[in-house]
Amino acid sequence: MLATFMEVLDTSVANVALPHIAGNLSATPEEATWVLTSYLVSNAIILPAANWLGRFFGRKRFLIVCIVIFTLSSAVCGAAGSLGMLIVARIAQGAGGGALQPIAQAVLMESFPVEKRGSAMAVFGLGVVVAPIIGPTLGGWITDNYSWRWIFYINIPIGILAVLMSNTFVEDPPYIRDQRPGRIDYIGFGLMALALGTMQLVLDKGQEEEWFASSFITWFTILSVTATVIFVIWELRSRDPIVDLRVLGNRNFAVGTSLMIIMGIVLYGTIAMLPLFLQTLMGYSAVASGMAVSPRGFGAIASMLIVGRLINRIRGRYLVMFGFAVLGYSIYQFSKINLEISISSIVWPNIISGFAMGFIFVPLTTMALGTLSNEQMGNASGVFNLMRNTGGSVGIATVTTLLARGIQTHQAMMVSHLTPYDPAFQERVRQLGGDGSMIGNQRAFAGIYGILVRQATVLSYIDIFRLLAFLCVICVPATLLFARVKRKSGAVAMH
């Protein structure tokens with residue numbers, strides 16, 4: 001879990017430090033966003049290939065090498081003297097970190113008997129769910145109190161400890177020690193890298209480039225879709241695929257992966273929206289907004305501990321249904337926001353939201369991977385984690401686009417009431433100093449326009465939170481699609 005926590009943390013910890021990084025390295029804020037994009041692209045490319053690479057090099061050796069690469073590149077990121085050097089180091093960091101989640105998850109699922117896998121996933125879930133929640137808060141605190149360089153330096157002692165513990169306790173199972181996957185699927189890997197890399201660039205830069213108004217986004221979308229189609233056909237026909245997509249033929253895995261995509265959209269979408277709302281409209285500092293959002297981690301920790309005990313007594317699908325229902329309720333509470341809310345209106349729904357995450361992540365992972373053989377586990381874990389990360393990227397891209405478009409829509413609807421013939425408008429002009437003179441009226445109109453934009457922005461946030469809550473509600477009946485997992489003398493049977 002140490003390595004996974006470190007890797008997931010780095011997907012979000014650098015976000016709040018971007019203005020500091022840009023200023024320190026003489027770059028524009030737009031150029032600094034490549035610090036995030038470069039990491040996500042290389043991370044996405046390695047994720048699904050982690051199982052194949054683990055079998056080729058030996059899983060324990062590959063895990064340790066990846067932790068070493070991640071730790072060393074973290075040190076280089078901290079010492080970077082230019083933006084170019086930082087981006088190259090982030091690419092290496094993402095490549096080293098991409099394999100950590102699926103390998104750690106596969107090791108855990110294989111190391112425990114079926115009846116204890118839920119408890120193991122509860123501990124593992126602390127790293128996967130809590131890390132992106134506390135990332136912005138931790139990044140903001142370190143940046144404000146020390147330097148942005150320390151958000152990378154803190155990985156070094158954790159990485160060293162993870163290497164020592166992995167070397168001591170992790171062992172390769174016999175089927176990995178005795179097997180080699182054969183030749184490298186160069187074409188499959190190239191197509192996958194092209195499809196995932198271009199998709200991540202489109203999602204990351206789409207809103208900034210005005211989506212399909214930009215030829216760059218249009219061509220990269222065409223390239224991504226084409227590469228994805230060819231990749232799927234190639235992998236299904238290949239004898240030694242770098243990613244075995246046939247695992248999606250397993251009903252539970254297909255359903256679990258679909259629900260995990262939606263969980264990624266909701267989790268990362270709300271994590272992106274809340275600090276933005278608090279900082280831009282409520283006037284919170286980066287650290288204060290992070291502190292308001294981070295209690296979600298306490299809820300997640302509490303639920304992980306509870307679910308680890310419940311999962312062997314209550315059917316997983318009921319736990320997931322409860323989790324999505326509670327998550328939908330908590331996110332709907334965010335749709336009641338206005339410009340006069342207290343911090344408790346953010347903290348309590350966040351705690352409830354974090355509590356719901358544990359009831360979703362643990363049984364969802366256990367059911368999705370629980371009907372697969374040990375040989376399929378590593379490959380499936382890579383695909384599973386990729387889909388959660390992809391859901392996160394889609395969620396962030398979608399909510400930022402909906403926010404910008406929603407503000408314009410609400411502004412256009414509300415401005416129709418701002419006419420000289422509206423008594424309420426005339427009264428407001430007088431309150432803001434409109435005395436009939438040109439300067440007085442301009443000052444009053446500017447004040448009213450500022451209020452209009454703020455209210456339109458709040459309404460756009462409300463629309464997004466309602467949409468995310470609706471997605472959670474849809475997932476409640478969708479959990480009935482899971483086939484029941486029964487235990488028979490240590491083996492797993494699907495009915």
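This text goes with the structure placed above it.
Scope of this entry: the structure provided in the associated data block. (Residues numbered from 1 in each chain as written. Predicted model: local features only at pLDDT ≥ 70, side-chain atom pairs only at ≥ 80, totals over all residues. Heavy atoms only, no water.)

Helices and strands together make up the secondary structure of the protein, namely 22 helices and two strands. Expected size for 495 residues packed as a compact globule is a radius of gyration near 23 Å; at 24 Å, the protein falls within 12% of this value. Expressed as lengths along the three principal axes of its C-alpha atoms, the size of the protein is roughly 90 × 50 × 45 Å. Within the protein, the proportion of its 495 residues that are buried is 54%. Contacts in the protein between residues at least 24 apart in sequence constitute 81% of all its contacts with a sequence separation of at least 6. Roughly 21200 Å² of accessible area belongs to the protein as shown, and the carbon and sulfur atoms make up 67% of that amount. Once the 33 positive and 24 negative side-chain charges of the protein are each reduced to a mean point, those two points are 12 Å apart. (Helix = DSSP H or I, 4+ residues; strand = E, 2+ residues; numbered from the N terminus. Rg over C-alpha atoms; globule rule 2.2 N^0.38 Å. Buried < 20%, exposed > 50% of the residue type's maximum accessible area, 1.4 Å probe, protein only. Contact = heavy atoms within 4.5 Å. Areas by Shrake-Rupley, 256 points an atom, 1.4 Å probe, with all protein chains shown as cover. Lys, Arg positive; Asp, Glu negative; His and termini not counted. Charge placed at Lys NZ, Arg CZ, Asp CG, Glu CD.)

On to the packing of helix H1 (residues 2-12) against helix H11 (residues 155-169), then. Between H1 and H11, whose axes approach to 9 Å, the crossing angle comes to 150°. What the angle tells us is that H1 and H11 run roughly antiparallel. In this structure, H1 meets H11 at a crossing whose hand is left-handed. Mapping the contact onto sequence places Leu2, Ala3, Met6 and Asp10 in H1 and Asn155, Ile158, Gly159, Leu161, Ala162 and Met165 in H11. (Axes fitted to C-alpha atoms, helices over the stretch in contact; angles between N-to-C directions. Parallel < 35°, antiparallel > 145°, perpendicular 65-115°, else oblique. Left-handed = near helix turned anticlockwise from the far one by under 90°.)

It is worth spelling out the packing of aromatic side chains at this point. Evaluation of the coordinates by the stated rule reveals nine aromatic pairs. Between the aromatic rings of Trp148 and Phe152, the centroid separation amounts to 6.3 Å while the plane-to-plane angle is 85°, which identifies the pairing as edge-to-face. No difference in accessibility class separates Trp148 from Phe152, as the two residues are buried. Aromatic side chains Phe253 and Phe384 sit 6.3 Å apart centroid to centroid with 40° between the ring planes, which places their arrangement in the tilted category. (Phe/Tyr/Trp six-rings, centres within 6.5 Å; stacked < 30°, edge-to-face > 60°.)

Let us look at the nonpolar core. Within the largest apolar cluster, 130 residues are counted, with the highest numbers of intra-cluster contacts made by Leu86, Phe253, Phe277, Phe324, Leu327 and Phe361. Top element by residues in this core is helix H15 (residues 251-280). It accounts for 14 residues. Once residues lying within four places of it in the same chain are set aside, the contact partners of Phe277 are Met282, Ile337, Asn338, Ile341, Val458 and Tyr461. By size, the runner-up hydrophobic cluster in this structure holds five residues, among which are Val202, Leu203, Trp211 and Ile217. (Core = buried A, V, L, I, M, F, W, Y, C linked by side-chain atoms within 4.5 Å.)

Summed over all chains, the structure comprises one cavity of 30 Å³ or more. A volume near 50 Å³ is recorded for the largest cavity. Every element with two or more residues in the lining of the largest cavity is listed here: helix H5 (50-57) and helix H8 (100-111). It is H5 that contributes the most residues to the lining of the largest cavity, four residues altogether. For the lining of the largest cavity, the per-class residue count stands at five nonpolar, three polar and two charged. (1 Å grid on protein atoms, 1.4 Å probe; cavity = no way out; pocket = protein on both sides within 12 Å on 5 of 7 lines; lining within 4 Å. Points joined across faces, edges and corners; volume = space filled by probe spheres on them. Nonpolar A, V, L, I, M, F, W, Y, C, P; charged D, E, K, R; others polar.)

A word on the packing of helix H13 (residues 186-205) against helix H14 (residues 215-237). The interhelical angle for the contact between H13 and H14, taken along N-to-C directions, is 145°, at an axis separation of 8 Å. Relative to H14, the crossing made by H13 is left-handed. Of H14, the residues touching H13 (which contributes Ile187, Gly188, Leu191, Met192, Leu194, Ala195, Thr198, Met199, Leu201, Val202 and Lys205) are Phe216, Ile217, Phe220, Thr221, Leu223, Ser224, Ala227, Thr228, Ile230, Phe231, Trp234 and Glu235. For the contact of H13 with H14, the residue count by class is 16 nonpolar, five polar and two charged.

Space inside the second largest pocket adds up to approximately 480 Å³. Of all the secondary-structure elements, those providing two or more residues to the lining of the second largest pocket are H1, helix H6 (59-79), H8, helix H9 (117-145) and H11. The residue makeup of the lining of the second largest pocket, split by class, is 16 nonpolar, three polar and no charged.

Turning to the environment of Asp244, a few remarks are in order. Looking at where Asp244 falls in the secondary structure, it is placed in the loop between H14 and H15. As a C-alpha pair, Asp244 and Leu100 span 144 residues in sequence and 19 Å in three-dimensional space.

This part is about the environment of Arg388. Note that Arg388 resides in helix H20 (residues 374-414). The sequence separation of Arg388 and Thr479 amounts to 91 residues, and the corresponding C-alpha distance is 17 Å. Not counting chain neighbours up to four residues away, the residues in contact with Arg388 comprise Gln101, Val128, Met260, Gly264 and Phe361.

All we've got here are geometric facts, nothing functional implied.
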